[in-house]
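Listed below are the residues making up each chain.
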Amino acid sequence: MKFFFPAAVLFVILISFFSCASRSAGVFIPIPDENYYGNDNNIGIGISDITGTKDDSPTGYLPAWLSFYIIGGLEAVENLYRFNDKYVFVAVNESDNLAALNRWAENFSAAHDLAVLAAARVEKRMISSASLYPDDEYGLFFERMVKSAYNGEYPGAAKEETYWIKTKTNNSGELIGNDQSEIIMYFILLSIDKKTMQTVIDGLAAQTAASVTLTRNQSAAVNRLRQTFFNGF
């Protein structure tokens, strides 16, 4: 059975979640309005801009995972109970041709295509932890680790669900605005067991570290990164 949430309820839940986190960390996070969406891919979808959905449900009602993704990104989806022990990834494609998007979704393989999303997430983690440019901080390890993640195998990865929405675009192709045309955005939800993913990445990191020559500072930075890699991953 698919699980749906009204958008207004989601805002209350997510605001409460992030407010609690900000209080414990002593950081103020402003309450988002309808035009704020902190998702990882900067999709920038406004609920009021959605003009159609896969199952013709009211536009304020979307699958819970997609609503949480639009509002709070992957972190919000991973905080759903059903993904307690999993990492999730969302592949996104857009077109005005629904048939082509359906073929893309049907041919999308978690076993083969997750690697692209995994490599992007690995790269993002290394960039966020670097105090210098990552190429300087981690030396050759940075580039080769991303390539290793791209070529990696991720056993047990699953294509959980797919969903599409139709949304307004303006003439520049940006998602929001008053004018005018529409575009279909197609989402594929993928998941993988956390322990499996961590084992794969730990193995890739070990192989990569052994294959490159680094300065003493770079080697120390890589070791620190490996020890804390999954904090904030």
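See above for the structure.
Nothing here was measured: the structure is a model prediction, and the numbers come from that model.

Colleague: Give a detailed account of the sheet that holds strand β6 (residues 181-193), specifying residues and quantitative values.
Modeller: Read across the sheet, 4 strands follow the order β2-β5-β6-β4 without closing on themselves; strand pairing throughout is antiparallel. Each edge of the sheet is formed by a strand with only one pairing partner; in this case those strands are β2 (50-53) and β4 (86-95). Each adjacent strand pair in this sheet contributes to an overall mean axis angle of 25°, direction not counted. Pairing analysis gives 10 bridges linking β4 to β6, with the strands arranged antiparallel. Across the sheet, Val92 pairs through a bridge with Phe187, a residue of β6. Running at roughly 140° to β4, helix α2 (residues 64-78) makes contact with β4, β5 (158-169) and β6 of the sheet. In the packing of helix α3 (residues 98-107) onto the sheet, contacts are made with β4, β5 and β6, and the angle to β6 comes to roughly 5°.

Colleague: How would you summarise the packing of helix α6 (residues 140-150) against helix α7 (residues 194-211) if you had to cite specific residues and measurements?
Modeller: Following both chains from N to C, one finds α6 and α7 inclined at 140°, their axes separated by 9 Å at the closest point. It follows from the interaxial angle that α6 and α7 lie oblique. Along this stretch, α6 crosses α7, giving a crossing that reads as right-handed. Taking contact as the criterion, the partners of Phe141, Arg144, Met145, Ser148 and Ala149 in α6 are, on α7, Ile201, Leu204, Ala205, Thr208, Ala209 and Ser211. Counted by class, the contact of α6 with α7 contains 7 nonpolar, 3 polar and 1 charged residues.

Colleague: So what's going on with empty space enclosed by the protein? Residues and values would help.
Modeller: Considering all chains together, one arrives at 1 cavity of 30 Å³ or more under this definition. Roughly 50 Å³ of internal volume is contained in the largest cavity. Phe141, Met145, Ile201, Asp202, Ala205, Leu225, Arg226, Phe229 and Phe230 together form the lining of the largest cavity. If you list the elements that add at least two residues to the lining of the largest cavity, you get α6, α7 and α8 (216-227). Taken together, the residues that form the lining of the largest cavity break down as 7 nonpolar, no polar and 2 charged.

Reading the values: rules and limits
Starting afresh in each chain, residues are numbered from 1 along the sequence in its written order. Where local features are concerned, this predicted model is filtered to residues with pLDDT of at least 70; where side-chain atom pairs are given and counted, the filter is 80 or more; whole-chain, interface and lining totals use all residues. Just so you know, side-chain values use all the structure's heavy atoms and leave hydrogens and water out. When DSSP locates at least two bridges between a pair of strands, those strands are taken to pair. Comment: elements are numbered from the N terminus, with helices defined as DSSP H or I runs of at least four residues and strands as E runs of at least two. Every axis in this analysis is a line fitted to C-alpha atoms, fitted for helices over the stretch in contact. Angles between the N-to-C directions lie between 0 and 180 degrees. The contact definition used throughout considers only heavy atoms, calling two residues in contact when any of these lie within 4.5 Å. Angle categories are assigned with fixed cut-offs, so that under 35 degrees is roughly parallel, over 145 is roughly antiparallel, 65 to 115 is roughly perpendicular, and the rest are oblique. Crossings are sorted by hand: turned counterclockwise from the far helix by less than a right angle, the near helix makes the crossing left-handed, and turned clockwise it makes it right-handed. When residues are grouped by polarity, Ala, Val, Leu, Ile, Met, Phe, Trp, Tyr, Cys and Pro land in nonpolar, Asp, Glu, Lys and Arg in charged, and all others, Gly among them, in polar. For cavity detection a 1 Å grid was placed over the protein atoms alone, and a set of points counts as a cavity when a 1.4 Å probe fits there but cannot get out; an open set counts as a pocket when protein lies on both sides within 12 Å along at least five of seven lines, with lining residues being those that have an atom within 4 Å of a point. Grid points are joined across faces, edges and corners, and a volume is the space filled by probe spheres set on the points.

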